[in-house]
Amino acid sequence: MIDKLLEYLRYDFVQNALAAGSLAAILGAVVGYFVIIRNVSFAAHALAHIGFTGATGAILFGLAPLQGMLAISTVAGAIMGLSGNRLERSELAVGMVLSIALGIGTLFLALEKGFAGSATAILFGDIFGVSKTQILQTVVLALASLGALAVFSRRLLFASIQPDLGRSRGLSLAGLSCSFMIILAISVTLVSQVVGILLVFTLVIGPAGIAARLCRSFWSSIGVSIIIALCAVWIGILLACVTNWPPSFWITAILFAVYIFTEAFCRFVLRLDR
Amino acid sequence: MVSALSIKDLKVRLGNRTILEDVNAEITPGEFIGIFGPNGAGKSTLVGALLGLCPIRSGTVELFGQPPGKTNAEIGYMPQSRASLESTALSARSLVAAVQEGTRWGVPWNSRSARDSVDRAITLAGANEYADRPFSILSGGEKQRITLAQSLLGNPRLLILDEPLASLDPKNQMRLVERVSHVRQETGATILFIAHDVNPLLGTMDRILYVAGGTAQLGSVDEIMTSESLSRLYGTSIDVIRAQGRLFVVAAEGHVTESARHD
């Protein structure tokens, strides 16, 4: 068993998958924690779906799906961010935009004819198909996003916890929200390479949401979130090698199991719910 | 001595509607001022003007001799809104720590001395007992203490508390007022306490700023809380009824206004 796993680890496509998966997992875990405390998980979900139009559109025009998705989600994220704290209250608007985005994506897919395979890859992920170029892009984008967060996460946390006080101290809530949503759009795009657009929720919200249920401080939440995300991606990819089942299945299954365990633990051991 | 707050002939317009005009007030450092008035009378607009968030049409506002917006680091503002952190285990202490020097760049890492400031603010707000519990499971009164602790960071000289008693039961209202009074004694901070009901603050506040009828009037409880004075302010006939040491504001038509909304 161990020998077999080590053998898989020597394959290029497995190494690429682990590298891209790890970076996306780390970024998703960190950004996801802010999604939880800012209460914008629906927007995160929507950004991925809006990205579908970009991805299928890019294929139609002969570009890489990653770039198309990145472009359109970043723009959508910036617009959502500028609407600031109203975002939580505009679920109808976000929902309608995400529907039309999926609709247009479907149209692009039909126009392209015969690329149904690429649709599956975009929707459910194709981590074993990641190329060296894509890994390079992932490294650059993930590091840039984490770097940006390192610069303004203190302000972002303040504005997320106590926006009105932050505004009175001179923080630009719209500016912070906009910057964060752009980083969220990048994270969602990178994570969708691993598990696909439909399953982005798992890796962006899952680890962070579970960590938020368990941890009492900011840094422990971020740490636990990263550990959960990395474990899910690594174990998921290796199990996929062994079983030949899709990695997206394994990653979602692992995270779901951790989630159920956490909920039971919070309810029956910590008695957090009153 | 320079006034904590000096308002002269203030006029505030939002869009093309005049919200407040002819507002005059001189508040000395260390005073405890209760701010009252009906919904939509302009209490929040007044606070916005003090914080430099609402543009001033005419007149002047000075906080410790400085124009609004210049001294916000010395103002502790306790907003009505609170983070909704349902189903997270983030501790109350972490929430206060998140606000400590929150306008700095970088990552939210607090030094030893910053953590000490957080601990001091929590102690001053009287929230030590439950500071390490998850914020989401605290009671309404406990959550308000944590929000108070957030506003106390940075040793403010002026505290603006925006309806901190809303949605608290009478017992917790009394406790919070006592705690704010304690904060004033300990720090000497000037307090602007916005509330619906006059009664929980009777005996604690020094003076009242009553906002109604597009303007505001500052005076002692006995000056402001009379039928004549409030009738003039509201521009309609108002009765102030005293019963068992408490005050009730009743419109002549018989509609009981906010001050009587006492659970």
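See above for the structure.
First, a word on scope: everything that follows refers to the structure included in this document.

Calculation criteria
- Residues numbered from 1 in each chain as written.
- Chains lettered and ligands numbered in written order.
- Predicted model: local features only at pLDDT ≥ 70, side-chain atom pairs only at ≥ 80, totals over all residues.
- Helix = DSSP H or I, 4+ residues; strand = E, 2+ residues; numbered from the N terminus.
- Rg over C-alpha atoms; globule rule 2.2 N^0.38 Å.
- Buried ≥ 20, exposed ≤ 12 C-beta atoms within 10 Å, placed from the backbone.
- Contact = placed C-beta atoms within 7 Å.
- Nonpolar A, V, L, I, M, F, W, Y, C, P; charged D, E, K, R; others polar.
- Expected span 1.5 Å × (residues − 1).
- Pairing = 2+ DSSP bridges.
- Axes fitted to C-alpha atoms, helices over the stretch in contact; angles between N-to-C directions.
- Parallel < 35°, antiparallel > 145°, perpendicular 65-115°, else oblique.
- Left-handed = near helix turned anticlockwise from the far one by under 90°.

### Topic: the overall build of chain B
Thinking step 1. Within chain B one finds seven helices and 11 strands.
Thinking step 2. For chain B, whose C-alpha radius of gyration is 19 Å, the value lies close to the compact-globule estimate of 18 Å for 263 residues.
Thinking step 3. A principal-axis box enclosing the C-alpha atoms of chain B has dimensions of 55 × 40 × 35 Å.
Thinking step 4. Within chain B, buried positions represent 43% of all 263 residues.
Thinking step 5. Of the contacts made within chain B by residues no fewer than 6 positions apart, 63% connect residues no fewer than 24 positions apart.

### A few points about the overall build of chain A
Thinking step 1. Secondary structure summary: chain A contains 12 helices and zero strands in total.
Thinking step 2. Secondary structure elements of chain A occur, N-terminal to C-terminal, as α-α-α-α-α-α-α-α-α-α-α-α.
Thinking step 3. Dimensions along the principal axes, computed over C-alpha positions, put chain A at roughly 55 × 50 × 35 Å.
Thinking step 4. Here chain A holds 274 residues, and 53% of them are scored as buried.
Thinking step 5. Considering only contacts within chain A whose residues lie at least 6 apart along the sequence, 76% involve residues at least 24 apart.

### Side note on the interface of chain B and chain A
It is common to report an interface's size as the accessible area lost on association of the parts.
Thinking step 1. Between chain B and chain A, the residue contacts involve 32 residues of the former and 30 residues of the latter.
Thinking step 2. The greatest single-element share of the side of chain B that touches chain A, amounting to four residues, is contributed by helix H2 (residues 92-99) of chain B.
Thinking step 3. Its residues placed into classes, the side of chain B that touches chain A shows 18 nonpolar, 12 polar and two charged.

### Considerations on helix H4 (residues 65-82) of chain A
Thinking step 1. In this model H4 of chain A runs 26 Å from its N-terminal to its C-terminal C-alpha over 18 residues, within 8% of the 26 Å that 1.5 Å per residue would give.
Thinking step 2. What H4 of chain A keeps buried is the set Pro65, Leu66, Gly68, Met69, Leu70, Ile72, Ser73, Thr74, Ala76, Gly77, Met80 and Gly81 of chain A.

### Overview of the environment of Thr236 of chain B
Thinking step 1. Relative to the helices and strands, Thr236 of chain B resides in the loop between helix H7 (227-234) and strand S10 (238-243).
Thinking step 2. Taking the C-alpha atoms as reference points, Thr236 of chain B and Gly76 of chain B, separated by 160 residues in sequence, lie 35 Å from one another.

### Let's talk about the sheet that holds strand S4 (residues 58-63) of chain B
All names here are of chain B.
Thinking step 1. One open sheet holds the three strands; their spatial order is S2-S1-S4, and the pairing between them is antiparallel. In this open sheet, the two strands that pair with only one neighbour each are strand S2 (17-27) and S4. The average angle at which neighbouring strand axes cross in this sheet is 25 degrees, direction not considered.
Thinking step 2. Pairing of strand S1 (residues 5-14) with S4 involves five bridges; the strand directions are antiparallel. The residue of S4 that forms the bridge with Lys8 is Thr60.

### Points about the environment of Asn199 of chain B
Thinking step 1. Within the secondary structure, Asn199 of chain B sits in the loop between strand S7 (190-194) and strand S8 (207-212).
Thinking step 2. Between the C-alpha atoms of Asn199 of chain B and Gly76 of chain B, which are 123 residues apart in sequence, the distance is 24 Å.

### Looking at the pairing of strand S11 (residues 246-251) of chain B
All names here are of chain B.
Thinking step 1. Judged from the six bridges that link them, S10 and S11 form a sheet pairing that is antiparallel. Among the inter-strand pairings, Val240 is bridged to a residue of S11, identified as Val249.
Thinking step 2. A loop of two residues connects S10 with S11, the two strands running antiparallel in sequence, and Gln244 in this loop sits at a positive phi of about 50 degrees.

### Regarding the sheet that holds strand S6 (residues 158-162) of chain B
Residue and element names in this part refer to chain B.
Thinking step 1. Strands sit in the order S5-S6-S7-S3-S8-S9 across an open sheet of six strands; the sheet is mixed. Every interior strand has two partners, whereas the edge strands, strand S5 (75-78) and strand S9 (215-219), have only one. Taking each pair of neighbouring strands and ignoring which way they run, the sheet shows an average axis angle of 15 degrees.
Thinking step 2. Strand contacts of helix H1 (residues 43-50): strand S3 (32-36), S6, S7, S8 and S9, with the helix running at about 150 degrees to S6, the strand carrying the most contacts.

### A word on the packing of helix H11 (residues 218-243) of chain A against helix H12 (residues 247-270) of chain A
Residue and element names in this part refer to chain A.
Thinking step 1. Running from amino to carboxyl end, H11 crosses H12 at an angle of 135 degrees, the nearest separation of the two axes being 8 Å. One way to sum up the angle between H11 and H12 is to call them oblique. Once H11 is placed against H12, the crossing between them reads as right-handed. Counted together, Ile228, Ala232, Val233, Ile235, Gly236, Ile237, Leu239 and Ala240 of H11 and Pro247, Trp250, Ile251, Ile254, Leu255 and Val258 of H12 form the full contact between these two elements.
Thinking step 2. Looking at the contact of H11 with H12 residue by residue, the class counts come to 13 nonpolar, one polar and no charged.

### What about the packing of helix H3 (residues 41-60) of chain A against helix H10 (residues 200-214) of chain A?
Residue and element names in this part refer to chain A.
Thinking step 1. Taken N-terminus to C-terminus, the directions of H3 and H10 make an angle of 155 degrees; their axes are 10 Å apart at the nearest point. When the interaxial angle is binned, H3 and H10 end up roughly antiparallel. Read as a crossing pair, H3 and H10 show a hand that is right-handed. Contacts from Ser41, Ala44, His45 and Ala48 of H3 reach H10 at Val200, Phe201, Val204 and Ile205.
Thinking step 2. When its residues are assigned to classes, the contact of H3 with H10 shows six nonpolar, two polar and no charged.

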